[in-house]
Amino acid sequence: MDMWTAGEGCKVVGCAGSDDKVKYLKDIGFDEVFNYKTAGSLEEGLKKAAPEGYDCFFDNVGGEFCSTAMFQMREFGRIAVCGAISLYNDTEPQKGRYFSWHMIRNQLRMEGFLAWRWNDRRVEGLTQLMNWVKEGTLKYHEHITQGFQNMPDAFMGMLKGENIGKAVVKV
């Protein structure tokens with residue numbers, strides 16, 4: 001998805017939690033990338049990467065990251081929310097910044113994103129994605145763990161951010 005947006009003339013910004021992941025994102029063509037663990041602050045990293053703000057934000061982290069990014073959205077910005085990994089293991093709900101007024105003032109659109117909503121267009125989507133892979137405009141990386149018995153370790157490693165790209169267990 002990110003490389004497709006770059007091909008459409010969009011500036012693509014990414015962030016990751018390790019220097020290896022930052023390097024990977026740069027290697028596949030992201031315009032700006034920063035390590036959120038070593039940036040002065042998440043807000044600082046986002047502002048430095050796109051001082052003019054953001055038109056689109058694809059959120060799969062939630063929590064503080066989403067709240068921080070929300071305040072850097074430009075007027076009429078769009079936010080697709082497909083995950084909230086920062087919240088999955090919480091035993092108490094997080095208390096974050098309130099962004100309702102910011103959403104109203106900037107007329108933002110925020111929508112949950114579940115892939116099966118477009119299941120009737122699955123073949124069309126897979127065909128397009130495969131074409132982009134073949135053309136080299138969509139790049140991906142798989143972190144493959146061998147053996148069913150290693151599935152728990154692979155899953156925990158994925159949650160800890162030890163993988164680069166899609167985590168796959170080969171049985």
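Residues numbered from 1 in each chain as written. Predicted model: local features only at pLDDT ≥ 70, side-chain atom pairs only at ≥ 80, totals over all residues. Heavy atoms only, no water.

## Structural notes on the state of the cysteines
Then comes step 1: Considering all chains together, one arrives at 0 disulfides under this definition.
Then comes step 2: No disulfide involves Cys15; its sulfur sits 12 Å from that of Cys66, the nearest cysteine.
Then comes step 3: Not engaged in a disulfide, the cysteine Cys82 finds its nearest cysteine sulfur in Cys66; these two sulfurs lie 11 Å apart. (Disulfide = S-S within 2.5 Å.)

## Description of the sheet that holds strand E3 (residues 54-59)
Then comes step 1: Spatial ordering of the open sheet is given by E3-E4-E5, a layout of 3 strands whose pairing is parallel. Lying at the two open borders of the sheet, with one neighbouring strand each, are E3 and strand E5 (109-112). Strand-to-strand twist of the sheet, defined as the mean angle between neighbouring strand axes without regard to direction, takes the value 10°.
Then comes step 2: As defined by bridge partners, strand E4 (residues 73-81) adjoins E5 across 4 bridges and the pair is classed as parallel. Within E5, the residue paired with Val81 across the bridge is Gly112.
Then comes step 3: Strands E3, E4 and E5 of the sheet are contacted by helix H4 (residues 63-70), whose axis makes an angle of about 170° with E3. (Pairing = 2+ DSSP bridges. Helix = DSSP H or I, 4+ residues; strand = E, 2+ residues; numbered from the N terminus. Axes fitted to C-alpha atoms, helices over the stretch in contact; angles between N-to-C directions. Contact = heavy atoms within 4.5 Å.)

## Concerning the pattern of salt bridges
Side-chain pairs of opposite charge can arise whenever the charged atoms involved come near each other.
Then comes step 1: Here the structure, examined in full by the defined rule, presents 6 salt bridges.
Then comes step 2: Of the charged contacts, one joins Lys11 and Glu52 as a salt bridge, the two residues approaching to 4.0 Å between their closest N and O atoms. Of this pair, Lys11 sits in the loop between helix H1 (2-7) and strand E1 (13-16) while Glu52 is found in the loop between helix H3 (42-49) and E3, placing the two residues 41 residues apart along the sequence.
Then comes step 3: Classification of Lys11 by relative accessible area gives partly exposed; the value is 43%.
Then comes step 4: Among the residues examined, Glu52 registers a relative accessible area of 42% and is labelled partly exposed.
Then comes step 5: Note that Asp27 is salt-bridged to Lys23, the shortest N-O span being 2.8 Å. Taken as a pair, Asp27 and Lys23 lie in helix H2 (residues 19-27) at a separation of 4 residues, close to a single helical turn. (Salt bridge = Lys/Arg side-chain N within 4 Å of Asp/Glu carboxyl O. Buried < 20%, exposed > 50% of the residue type's maximum accessible area, 1.4 Å probe, protein only.)

## Some points on the packing of H3 against H4
Then comes step 1: Following both chains from N to C, one finds H3 and H4 inclined at 45°, their axes separated by 10 Å at the closest point. Overall, the two elements H3 and H4 adopt an arrangement that is oblique. H3 and H4 meet at a crossing whose hand is right-handed. On H4, the residues that touch Leu42, Glu43 and Leu46 of H3 are Glu64, Phe65, Thr68 and Ala69. (Parallel < 35°, antiparallel > 145°, perpendicular 65-115°, else oblique. Left-handed = near helix turned anticlockwise from the far one by under 90°.)

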